[in-house]
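Residue-level structural notes
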Amino acid sequence: MKNYSNLYKILAGTVLVAGSLIIACNKELDKTDPSHPTLETYFKNSAELLSGTNAIYSIFHSGSLVGREWFFVHDLRGDDVASGGGQLEVPRAQILNGATTTDNALVDDVWNGLYTVIHRANTVIDNGPNVTDNDELRDRCVGEALFFRGWAYFELVSMWGAVPVYTTQVTEPSQFQARKSEDSVYLQVIQDLTAAAAVLPATTADLGRATKGAAQAMLGRAYMQMGDYAAAKTALEAVISSGQYRLMDNYSHNFDEEHEFNAESIFEAVFFDRGDNNFNWGYTGDDQPNAQPQSTVRNQEYSPIAWRNLIPSNRYLNEFENTATGAAKTDPRFAMSVYQTGDTYNNNMDTLTAAAQNGNSSVVNGVTKKISWRKFMLIYKDNNTFRPGGINQRIIRYAEVLLMMAECEAELGSAPAVVTGYLNQVRNRPGVQMPPYPTAQYPCSNKAELIRAIMHEKTVELGGEEIRNRDILRWRKQGYFTTDPLPYFRANRDELLPVPQAEIDNNPELGAAGIARQNVGY
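Description of the overall build of the protein chain
A tally of helices and strands in the protein chain yields 16 helices and 14 strands. Over its C-alpha trace the protein chain gives a radius of gyration of 23 Å, about what one expects of a compact globule, namely 24 Å for 522 residues. Counting the 522 residues in the protein chain, one finds 57% classified as buried. Look at the contacts in the protein chain between residues 6 or more apart in sequence, and 72% of them connect residues 24 or more apart. Approximately 20000 Å² of the protein chain is accessible, and the part contributed by carbon and sulfur atoms is 52%. The positive charge centre, built from 46 side chains, and the negative charge centre, built from 61, are 3 Å apart in the protein chain.

Observations regarding the pattern of salt bridges
What the rule picks out here adds up to 41 salt bridges. The shortest N-O distance in the salt bridge between Arg92 and Glu89 comes to 2.6 Å. Asp139 is the partner of Arg138 in a salt bridge, and the nearest nitrogen-oxygen pair spans 3.0 Å. Residue Asp139 is classed as partly exposed on the basis of its relative accessible area, which comes to 34%. A network of salt bridges, in which partner residues are shared, links Glu264, Glu321, Asp331, Arg333, Lys375, Arg397, Arg427, Arg429, Glu457, Glu461 and Glu465.

A closer look at the layout of surface pockets
To find leftover empty space, a probe the size of one water molecule is rolled over the atoms. Taken as a whole, the second largest pocket spans an internal volume of roughly 490 Å³. Residue lining of the second largest pocket: 24 residues in total, with Asp79, Arg315, Arg468, Phe481 and Pro485 positioned closest to the centre. Where the lining of the second largest pocket is concerned, the elements lending two or more residues are β3 (81–83) and α14 (447–462). Residue contributions to the lining of the second largest pocket peak at four residues, all from α14. Residue composition of the lining of the second largest pocket, by class: 11 nonpolar, eight polar and five charged.

A few points about the packing of helix α1 (residues 46–60) against helix α4 (residues 105–127)
Relative to each other, α1 and α4 sit at 170 degrees, their axes nearing to 9 Å. One element, α1, and the other, α4, form an angle in the roughly antiparallel class. The two elements α1 and α4 meet at a crossing, and its hand is left-handed. Residues Leu49, Gly52, Thr53, Ala55, Ile56, Ser58, Ile59 and Phe60 of α1 form the contact with α4, whose own contacting residues are Gly113, Thr116, Val117, Arg120, Ala121, Val124 and Asn127. The class makeup of the residues in the contact of α1 with α4 is eight nonpolar, six polar and one charged.

Let's talk about the packing of aromatic side chains
All told, the structure shown has 22 aromatic pairs when counted by the stated rule. Arg476 extends its terminal NZ or CZ atom over the ring of Phe489, reaching a point 3.7 Å from the ring centre.

Focus: the pairing of strand β14 (residues 393–397)
Counting buried residues along β14, five of its five residues qualify, which places the element largely inside the surrounding structure. Pairing of strand β6 (residues 265–269) with β14 involves four bridges; the strand directions are antiparallel. Bridging across to β14, Ala269 finds its partner in Gln393.

A closer look at the side chain of Glu260
Tracing the chain through its elements places Glu260 in the loop between α8 (229–241) and β6. A polar contact is formed between the side chain of Glu260 and the backbone nitrogen of Asn392, at a distance of 2.8 Å.

Considering empty space enclosed by the protein
Taken as a whole and judged by the stated rule, the model has eight cavities of 30 Å³ or more. In this structure, the largest cavity occupies an estimated 90 Å³ of space. Along its surface, the largest cavity is lined by Arg221, Met224, Gln225, Glu400, Met404, Lys458, Glu466, Ile467, Arg470, Asp471 and Arg474. For the lining of the largest cavity, the elements supplying multiple residues, two or more each, are α7 (212–226), α12 (398–411) and α15 (468–477). Its residues placed into classes, the lining of the largest cavity shows three nonpolar, one polar and seven charged. Size it by volume and the second largest cavity reaches roughly 70 Å³. Every residue lining the second largest cavity is listed: Val66, Phe271, Thr296, Arg298, Asn299, Phe376, Leu378, Gly389, Gly390, Ile391, Asn392 and Gln393. For the lining of the second largest cavity, the per-class residue count stands at five nonpolar, six polar and one charged.

Let's talk about the nonpolar core
The biggest cluster of nonpolar side chains holds 133 residues, and the ones touching the most others in it are Phe147, Trp151 and Trp160. Counting residues per element, this core draws most heavily on helix α5 (residues 135–160), at 15 residues. In contact with Trp151, not counting residues within four places along its chain, are Phe60, Leu65, Trp70, Leu114, Val117, Leu193 and Met218. Judged by nonpolar contacts, the second largest core, of five residues, contains Ile305, Tyr339, Leu352 and Ile379.

Calculation criteria
- Residues numbered from 1 in each chain as written.
- Predicted model: local features only at pLDDT ≥ 70, side-chain atom pairs only at ≥ 80, totals over all residues.
- Heavy atoms only, no water.
- Helix = DSSP H or I, 4+ residues; strand = E, 2+ residues; numbered from the N terminus.
- Rg over C-alpha atoms; globule rule 2.2 N^0.38 Å.
- Buried < 20%, exposed > 50% of the residue type's maximum accessible area, 1.4 Å probe, protein only.
- Contact = heavy atoms within 4.5 Å.
- Areas by Shrake-Rupley, 256 points an atom, 1.4 Å probe, with all protein chains shown as cover.
- Lys, Arg positive; Asp, Glu negative; His and termini not counted.
- Charge placed at Lys NZ, Arg CZ, Asp CG, Glu CD.
- Salt bridge = Lys/Arg side-chain N within 4 Å of Asp/Glu carboxyl O.
- 1 Å grid on protein atoms, 1.4 Å probe; cavity = no way out; pocket = protein on both sides within 12 Å on 5 of 7 lines; lining within 4 Å.
- Points joined across faces, edges and corners; volume = space filled by probe spheres on them.
- Nonpolar A, V, L, I, M, F, W, Y, C, P; charged D, E, K, R; others polar.
- Axes fitted to C-alpha atoms, helices over the stretch in contact; angles between N-to-C directions.
- Parallel < 35°, antiparallel > 145°, perpendicular 65-115°, else oblique.
- Left-handed = near helix turned anticlockwise from the far one by under 90°.
- Phe/Tyr/Trp six-rings, centres within 6.5 Å; stacked < 30°, edge-to-face > 60°.
- Lys NZ or Arg CZ within 6 Å of the ring centre and 35° of its normal.
- Pairing = 2+ DSSP bridges.
- Polar contact = N/O pair within 3.5 Å; in protein donor to acceptor, adjacent residues only side chain to side chain.
- Core = buried A, V, L, I, M, F, W, Y, C linked by side-chain atoms within 4.5 Å.

Right under this line is the structure:
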């Protein structure tokens with residue numbers, strides 16, 4: 001049962017800066033409309049600060065971010081997915097094919113969504129000192145705001161590189177900031193997530209809120225992307241040693257609605273199945289209207305029997321070990337990650353046909369067939385998925401922490417047995433029980449072989465979970481690819497997304513710090 005006690009209390013209205021009333025005699029009336037609070041009159045107690053914090057969650061769950069465009073941007077920038085067919089919209093096809101333009105609407109939506117998160121987080125952080133009635137709740141709210149600001153800047157720096165950094169609330173239209181270097185942005189990420197981890201609780205009864213473990217796991221991600229594997233290991237060890245998390249015996253329980261907030265989930269975005277098509281279509285850049293529970297359109301976008309805009313790529317599908325190609329065992333995660341023609345759905349009452357799956361086919365082990373995503377799809381218990389759904393988006397789970405630890409140990413020169421120990425925890429869970437590393441196909445006697453096993457295990461464990469694109473960026477820098485995973489890749493261009501043209505047009509300070517206003521190649 002989902003707990004929505006606070007997540008959907010959206011800050012009532014927009015906080016407006018109200019002007020003073022001036023009467024004919026030029027005397028100003030000092031009156032405040034209680035129905036329209038200002039920054040000066042609001043955030044005076046913990047309940048109001050909590051409302052401001054919930055407004056951060058609201059934009060986080062919105063269509064411009066995790067509810068829709070966030071997962072598209074990450075998937076389209078990786079090689080886990082392919083186009084489901086000709087129906088893929090132009091802005092999405094641009095990113096998938098490496099032809100992204102500066103006016104790409106999808107890029108613009110995610111950029112604006114992330115800066116809305118930052119603005120709302122800054123508002124909570126700046127006003128936290130005003131609250132004295134409940135120190136525990138105040139500190140938790142500020143901790144959550146720091147977590148989200150760190151998360152948002154990590155999203156920005158890993159996809160755009162140098163970006164403007166705002167650490168206080170913007171109250172005037174002239175408060176533009178220049179782009180800061182990637183190192184400076186990462187420093188802000190580390191400061192925010194470290195501060196969040198220091199004050200956030202280890203657990204919370206209000207499910208869906210950020211915790212200490214979430215901040216520490218995100219720190220591990222950020223340090224790894226920076227190339228600081230020693231610091232990443234320290235952050236990840238804190239998650240592991242906390243004893244708060246464990247792998248689920250059933251791998252598929254990480255992607256269904258009945259096992260949300262499970263022991264493997266470290267942080268997830270909460271969605272609610274409204275049973276209708278009342279997604280915030282046409283207004284994806286902001287919150288769900290009328291403080292209604294928010295849904296995600298992922299189910300409708302990827303479902304085998306809905307739009308099927310993105311399907312698993314052949315590269316991803318053929319990464320799974322299979323006895324047909326000489327492996328000791330077929331990896332059961334394949335069948336728990338994707339649907340293929342002949343599979344049953346809707347509580348095993350219906351059979352998936354090729355005709356029901358709109359668009360393109362895949363080629364697996366030389367066989368052409370229709371294959372679609374199963375992760376986060378509703379059809380395991382439903383046959384009508386042309387609507388938004390309520391399956392929570394898992395943002396980070398314990399399996400990823402273990403696999404990141406394996407990578408850190410490999411990069412730090414630890415013994416192969418230490419590295420494979422983390423890999424085999426993931427690989428040997430009940431319900432998966434793949435042969436432990438080393439195997440004939442994946443020997444693990446040196447760093448190169450260990451990295452190859454890590455790359456494989458991350459693909460088959462975390463495919464389609466918005467992780468691969470950043471792995472590609474990191475491993476490309478390390479020189480681990482003989483052939484780039486993205487066929488369109490052009491060095492010194494395709495590492496980063498373009499700064500949105502609207503930002504270039506509207507921010508006169510963008511290049512004031514000596515960093516070009518636009519990324520190279522755009």
